[in-house]
Amino acid sequence: MRIATWNVNSVNARLPTVLAWLEAAKPDVACLQEIKCVDEKFPREPLESLGYNVEVHGQKSYNGVALLSKHPLSDVRRGLPGADSSGYEAEAEQSRYIEAVIEAPRPVRVGCIYLPNGNPLGTEKFAYKLAWFERLYAHARDLLALEEPFTLCGDFNVIPTPDDARNPSAWVGDALFQPESQAAFRALRHLGLLDAGELGGQPPGTYTFWDYQAGAWQRDHGIRIDFHLLSPQAADRFQSIETHRDARDMDKPSDHVPVVVELED
């Protein structure tokens, strides 16, 4: 089973690019982030025509996540459990998480994540990021207790280590590179989740995001912020990981590229 995660940075604005990549790469499951549309405006029909079942948790103009699967989807959850405790906007106003069981011959649960950015520092947005991380931690702990294969994948908006940035010094004042953000990501990992990039031996410099500004793509000033975190049961089925860097060179690209893991059927 091939499971892709991709922050598409507006699914309707980049629909031809998204469709072209899906047709070429043929993932069994695709987790899309930052779709930037309400459910009713999601381009369901062209994606269903490629053979995907579609579940959406959208929002007008911002955020939004979607799950596409060649297999039936069950036990669909929209939004993380737990009330928002940061004081910054209700979960209902920020659509950042969708989860479902992929009913393949060997089922796997998939959680699609668009974690808050958290900028600028010193504002309620950074507090919201950390509070959201706490809720994700609690949910991941509950999922691990089920002892089933799952991946939590998506745009985590965190640069875990200096090796995950071409130019770490450029990110010192950014919420993605703060010690608190890195500690929250480590805590999630320490629950027992495994980074598919590490399992697959991807080297430093395997970036997933390049800003549109300042020639970041042309200068390879990238960062790695898109991840698959696998439960032990999913890690036992891990076969490979691919970061589709060439997608950044497609017509009207996202600033992120797809990351695809393959699990044994």
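Up top you'll find the structure we're talking about.
This text gives an overview of the structure that appears in the document. Since this is a predicted model, take the numbers as computed values, not measurements. (Residues numbered from 1 in each chain as written. Predicted model: local features only at pLDDT ≥ 70, side-chain atom pairs only at ≥ 80, totals over all residues. Heavy atoms only, no water.)

Notes on the layout of surface pockets
Estimates place the volume of the second largest pocket at around 290 Å³. Along the walls of the second largest pocket sit 19 residues, with Thr161, Asp164, Asp195, Glu198 and Arg224 positioned nearest its centre. Broken down by element, the lining of the second largest pocket gets its largest block of residues, five residues, from helix 4 (residues 179-190). Partitioning the lining of the second largest pocket into residue classes produces five nonpolar, seven polar and seven charged. (1 Å grid on protein atoms, 1.4 Å probe; cavity = no way out; pocket = protein on both sides within 12 Å on 5 of 7 lines; lining within 4 Å. Points joined across faces, edges and corners; volume = space filled by probe spheres on them. Helix = DSSP H or I, 4+ residues; strand = E, 2+ residues; numbered from the N terminus. Nonpolar A, V, L, I, M, F, W, Y, C, P; charged D, E, K, R; others polar.)

A closer look at the pattern of salt bridges
Overall, the coordinates contain 13 salt bridges when judged by the stated rule. Measuring nitrogen to oxygen at the nearest pair gives 3.0 Å for the salt bridge that ties Asp164 to Arg224. Residue Asp164 is found in the loop between strand 8 (150-155) and helix 4, and its partner Arg224 is found in the loop between helix 5 (196-199) and strand 10 (226-230); the two are separated by 60 residues along the sequence. With a shortest N-O distance of 3.2 Å, Glu198 and Arg189 are connected by a salt bridge. Residues joined by salt bridges that share partners form a network here, namely Asp75, Glu99, Arg109 and Glu148. (Salt bridge = Lys/Arg side-chain N within 4 Å of Asp/Glu carboxyl O.)

A short note on the packing of aromatic side chains
If you walk through the whole model with that rule in mind, you get five aromatic pairs. For the pair Trp210 and Trp217, a centre-to-centre distance of 4.8 Å together with 80 degrees between the ring planes defines the contact as edge-to-face. Taken together, the ring pairs connect Phe156, Phe185 and Phe227 into an aromatic cluster. In this arrangement the basic side chain of Lys70 is found over the ring face of Tyr52, its NZ or CZ atom lying 4.7 Å from the centre. (Phe/Tyr/Trp six-rings, centres within 6.5 Å; stacked < 30°, edge-to-face > 60°. Lys NZ or Arg CZ within 6 Å of the ring centre and 35° of its normal.)

Let's talk about the environment of Glu99
In this fold, Glu99 is placed in strand 6 (residues 97-102). Exposure remark for Glu99: the relative accessible area of 2% places this residue in the buried category. Note: C-alpha distance between Glu99 and His57 (42 residues apart in sequence) is 9.8 Å. Ignoring sequence-local partners within four residues, the contact set of Glu99 consists of Leu67, Asp75, Val76, Arg77, Arg109, Val110, Gly111, His139 and Leu143. Within the local environment of Glu99, its side chain forms a polar contact with the side chain of Arg109, the two groups lying 3.0 Å apart. A polar side-chain atom of Glu99 sits 2.6 Å from a polar atom in the side chain of His139. (Buried < 20%, exposed > 50% of the residue type's maximum accessible area, 1.4 Å probe, protein only. Contact = heavy atoms within 4.5 Å. Polar contact = N/O pair within 3.5 Å; in protein donor to acceptor, adjacent residues only side chain to side chain.)

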